[in-house]
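Architecture and fold: a report
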Amino acid sequence: MILKFPGGAAPEQKSQYAGKRIEELTDCSAVCLKIPENAEARCGLRENETVDRGSFVALVGGTPVYSPVSGLFQGRVSMNDGDYYVIVSDRRLREQRIFEPETRDLRSLGFAEIQKSVRELGITDSRSGLPLWKLMERLRGGCRRVVADCTESDAVCGISARICIEKCVSVIGGVKILLRATSASRGVLAFEAGKTRVREAFEKHLGADSPVVCARLQEKYPYNDRALMNAIYLAELGRNETAADRGVLIVSAECAAAVYDCMASGMPMLDRYIGFYGDGIARGANLKVPCGTTVHDIAEYLGGRARKTPVFENSLLNGAPAGGAVTASTRAFIAQEKQKRRRTPCIGCGACAAACPVKLIPAEALGGAGAEAARACIGCGACEYVCPSGIPLVSMINKRRARAAEEKGGDEL
Amino acid sequence: MSVMPAAHSGETRLSKASDRLIALLPVLIWSVYIFGARVITLCALSVGFCFGLDYFVQRYAFRAPAGVRTDPYNAVYGLCAALLMPVAAPLWAPVLAAAFTVAAKNIHYRDTRRVFNPYIFSAAAMNLLFRGMMTCYTRPLAYFNAFSFVIDGGLIEKYRVLSPLQYMAGGSVYEDGLLPQFIGFSQGTIGEIAILALMLGSVWMFLRRDGNVLGTFTFCALIFVLAYAFPSKDAEPVYYVFGTLFSGAMIFIAVHALNDGATMPMNSLGRVIVAAVCAVLIFAGRKIFPGFECGYYVILAANAASPFVEKLTRPRVPGTKKKAAKSG
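In every chain, residue numbers begin from 1 and rise along the written sequence. For naming, the first written chain is A and the first written ligand is 1, with later ones following in the order written. Given that this is a predicted model, residues contribute local features only at a pLDDT of at least 70 and side-chain atom pairs are listed and counted only at 80 or more, while totals for whole chains, interfaces and linings are drawn from all residues. The basis for every side-chain value is the complete set of non-hydrogen atoms in the structure, without hydrogens or water.

Quick notes on the overall build of chain A
- Strands here are runs of E lasting at least two residues and helices are runs of H or I lasting at least four, both read from the DSSP assignment and numbered beginning at the N terminus. Along its length, chain A carries 12 helices and 17 strands.
- We compute the radius of gyration over the C-alpha atoms and compare it with the globule rule, which gives 2.2 Å times the number of residues raised to the power 0.38. At 21 Å, chain A has a C-alpha radius of gyration in line with the 22 Å of a compact globule built from 413 residues.
- Its C-alpha atoms give chain A principal-axis dimensions of roughly 60 × 50 × 45 Å.
- A burial count over chain A gives 59% of its 413 residues as buried.
- By definition, residues are in contact when any of their heavy atoms lie within 4.5 Å. Sequence-distant contacts, at least 24 apart, represent 69% of the contacts inside chain A between residues at least 6 apart. Partly exposed describes any residue whose relative accessible area lies between the buried limit of under 20% and the exposed limit of over 50%, with all areas from a 1.4 Å probe on protein chains only and scaled to the type maximum.

Now the structure itself:
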């Protein structure tokens, strides 16, 4: 059965990359490890100190950060989109092992021990960009289900499908570890209904009595917490509510695989699985790259990028511009010219209302109405994507939101 | 804070208008067969003047930029305006209808919603101003000259017949039976007679997810139930039920006017409620004023009330209080 959910935009194009094997990129000139805004960062290295792959670099927001390459630590550098720890690679891949592989029976480990391990191993979730231990922290009220989100961040992407196909055992193993940690009774592997190879890969490794089951979702984007909760559990999340508030831990497929791999190998999460696609790149690929690899290095590896072509991070629907490097929340880069559509008057087709995941009528922003709608908007961009009249609904809602903030003194938002 | 999408779906204003035109195509083809080439002249004049007048309004009144002065929806509105006329109408009628259509097209509520459905407004205005001409129906397959500016009165009288709605005003049902009405061998305005063709067009519309099938169904079902519950004094009930549904542009309204997004509520519940109220009012109107085509006026009233219905029936945003959601 295909699970449906309200809102979202059904894409017309299908990904060409789900069939491409993951390539490993190790030869990068430098890595830039992003320091999240307002996060307390305590660096454990001096400038120009030599580091190995796996060396401790800093404690950022309570989560240890390790060097994904061997080379020379350059210190904290401010760039346009924030601060970074920069390490210039010597391309030798010297490795330092801090932790021993987990030899204890995983079934004997409890919540605290597993949470401590994932914290020490620096495992982050690419859906939210948050460290996994922080997501687990939110489950203090108890956890009923663990969901591995194996969907893509955009219709053109194929990296999640590749992770599921090539690292199927790791994804299932990671979900089982999280089930053990949280005492949840069932794990769910959620993926797009059209991804038949993903389904085949999972079904090959899942027994009839397995606590982990598959959930095939309707192909619509974005797949956020709200969409997954609605599709799988028919639960409607409130405006400021997360899946964790309802006792459901949702992690990305990459994160689930990292839990299994890192605990088994004792190596921290040093690499990220990302995709680089679009017309603006010589060839698109699914890649395993060191954390913090620059967009420039990846583009060079893939044969170069068309000049002045903008690069978007994760999704064209949302249209967020990519930063300079791979961060904790990077799932894909898409180099593509921005599609422009001439604005024409609203025809009232209702497509925006149908696409809105939070049941708004985005076209109301045209007439200056809908202050409540503006506050509730999650900015997914689905309404503007489907609008046949090319109305810049997202920016109009943002303006409405700003005006509402002014009217209310800004404290409500 | 979000940024703007870097991609758009393939649906454009042109593709949406094309869907509506494709839905109207069976009606147009059937009407040409039934009423002759004069249908093409009337439709071409209406569509052409809709484009021309709207271009001038956009350019000189609204000072619209060059790219948005030509709206593909003018073809839809112009065609619908012509389809709501009798074939014997003089050739100045579609020009005037186009003027009414363009005027209504450019009256907006809060810069977003259109106040009145353009072609329904045009039909209502023409019916008010030229009631005799607009209710002068001729029998099917009586072809008039396609290019006669005004058709000779004597010729019209020779072929003049009562429409099914006019029959029903006298307390009886259409004497030729239901099948000719369903297929489209009856008299009436150009577009209202071809029930089968209208239904074929609606299938295309709903397949393309244009319009709300529930609203259309509610309207038809309610008319059906009301006609069955309150039959005419000496009419056979089943004949009366279908006769009511097939006469007086009822199906045209159900398929096209109730699914005009710019003048009807955008949310499904709002459309269903408006459709239900329209069905009740049209039926009541017919009972109170037999023979008077009140459908156009009911639709215009529904158009004007739509923003308020939409506001009342807006789905609650998850996580907000009921009161706050309604205050908007």
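Regarding the pairing of strand β15 (residues 285-290) of chain A
All names here are of chain A.
- With respect to burial, β15 is a largely interior element, 5 of its 6 residues being buried.
- DSSP bridges decide pairing: two strands pair if at least two such bridges lie between them. Bridge count between strand β2 (residues 22-24) and β15: 3 bridges; the pairing is parallel. Pairing of Glu23 across the sheet is with Leu287, part of β15.

Some words on the pattern of salt bridges
All names here are of chain A.
- Basic side-chain nitrogens of Lys or Arg form a salt bridge, by our definition, when they fall within 4 Å of a carboxyl oxygen of Asp or Glu. The tally for this structure, following the rule as stated, stands at 28 salt bridges over all chains.
- Note that Arg53 is salt-bridged to Asp271, the shortest N-O span being 2.8 Å. Taken together, the residues Arg53 in the loop between β5 (50-51) and β6 (56-60) and Asp271 in strand β14 (residues 271-277) connect sequence positions 218 residues apart. Each member of the pair, Arg53 as well as Asp271, is classed as buried.
- Ionic pairing is found between Arg199 and Glu203, a salt bridge with its closest N-O pair at 3.2 Å.

Here we look at the sheet that holds strand β1 (residues 2-3) of chain A
Residue and element names in this part refer to chain A.
- Pairing in this open sheet of 5 strands is parallel, and the strands run β1-β12-β11-β10-β13 from one edge to the other. Whereas interior strands pair on both sides, the edge strands pair on one side only; in this sheet they are β1 and β13 (248-252).
- Pairing analysis gives 5 bridges linking strand β10 (residues 145-149) to β13, with the strands arranged parallel. Looking across to β13, one finds that Val147 is bridged to Ile250.
- The strands touched by helix α4 (residues 168-182) within the sheet are β10, β11 (186-192), β12 (212-217) and β13, with β11 carrying the most contacts at an inclination of about 145 degrees.
- Seen against the sheet, helix α5 (residues 196-205) touches β11 and β12 and runs at an angle of roughly 155 degrees to β11. Orientation is described by axes fitted as lines to C-alpha atoms, over the contacting stretch for helices, and by angles from 0 to 180 degrees between their N-to-C directions.

Regarding α4(A)
All names here are of chain A.
- In a helix, the anticipated span is given by 1.5 Å times the number of residues less one. The terminal C-alpha atoms of α4 lie 21 Å apart, and with 15 residues this matches the ideal 21 Å at 1.5 Å per residue to within 8%.
- Taking burial as the measure, the 15 residues of α4 include 12 buried ones, the bulk of the element.
- Among the residues of α4, Cys168, Ser170, Val171, Ile172, Gly173, Gly174, Val175, Ile177, Leu178, Leu179, Ala181 and Thr182 are the ones counted as buried.
- One or two steps after α4, the chain reaches Ser183, where phi turns positive at roughly 60 degrees.

Looking at the nonpolar core
- Residues grouped as a nonpolar core are buried Ala, Val, Leu, Ile, Met, Phe, Trp, Tyr and Cys residues, joined through side-chain atoms within 4.5 Å. Ranked by internal contacts, the top residues of the largest apolar core, which has 91 residues, are A:Ile123, A:Leu132, A:Leu189, A:Phe202, A:Ile232 and A:Leu249.
- Among the domains, domain 1 (1-24 + 96-339) and domain 2 (351-407) of chain A are the pair contributing at least three residues each to this core.
- Setting aside residues no more than four positions away along its own chain, A:Ile123 makes contact with A:Val118, A:Pro131, A:Leu132, A:Cys255, A:Ala258, A:Val259, A:Cys262 and A:Met269.
- In terms of nonpolar packing, the next biggest core, distinct from the first, is built from 82 residues, B:Ala89, B:Ala194, B:Ile195 and B:Tyr240 among them. Residue ranges assigned to each domain were obtained from an automatic or database domain assignment.

Things to note about the domain arrangement of chain A
Residues and elements named next belong to chain A.
- Segmenting chain A into domains produces domain 1 (1-24 + 96-339) and domain 2 (351-407).
- Listed by partner, the interface residues are 16 residues for domain 1 and 16 residues for domain 2.
- Two parts placed together each lose some accessible area; with a 1.4 Å probe, that loss summed over both constitutes the buried area. When the two sides are added together, the surface that domain 1 and domain 2 hide from each other amounts to roughly 1100 Å², 54% of it contributed by carbon and sulfur.
- For domain 1, the biggest contributors to the area lost against domain 2 are Arg226, Arg239 and Leu317; these three give 41% of the whole.
- Connecting domain 1 to domain 2 are 0 salt bridges.
- Pairs of N or O atoms within 3.5 Å make up the polar contacts considered here, provided that, within protein, one atom can donate a hydrogen while the other can accept it, and that residues adjacent in sequence are counted only when both atoms are side-chain atoms. Summed over the shared surface of domain 1 and domain 2, the result is 2 residue pairs in polar contact (both at pLDDT 80 or more).
- Each residue is assigned to one of three groups, with Ala, Val, Leu, Ile, Met, Phe, Trp, Tyr, Cys and Pro labelled nonpolar, Asp, Glu, Lys and Arg labelled charged, and all others, Gly among them, labelled polar. When the residues that make up the side of domain 1 that touches domain 2 are grouped by side-chain class, the tally is 7 nonpolar, 5 polar and 4 charged.

Details of helix α12 (residues 393-407) of chain A
- For α12(A), spanning 15 residues, the distance from its first C-alpha to its last is 21 Å, which sits close to the expected 21 Å at 1.5 Å a residue.
- Those residues of α12(A) lying buried are A:Leu393, A:Val394, A:Met396, A:Ile397, A:Asn398, A:Arg400, A:Arg401, A:Ala404 and A:Ala405.

Side note on the side chain of A:Thr293
Residues and elements named next belong to chain A.
- Structurally, Thr293 can be placed in the loop between β15 and α8 (295-301).
- Relative accessible area serves as the criterion here: at 0%, Thr293 is assigned to the buried category.
- A polar atom in the side chain of Thr293 sits 2.4 Å from the backbone oxygen of Pro290.
- Apart from residues no more than four positions distant in its own chain, Thr293 is found in contact with Leu25, Cys28, Ala30, Val31, Ile298, Ala325 and Val326.

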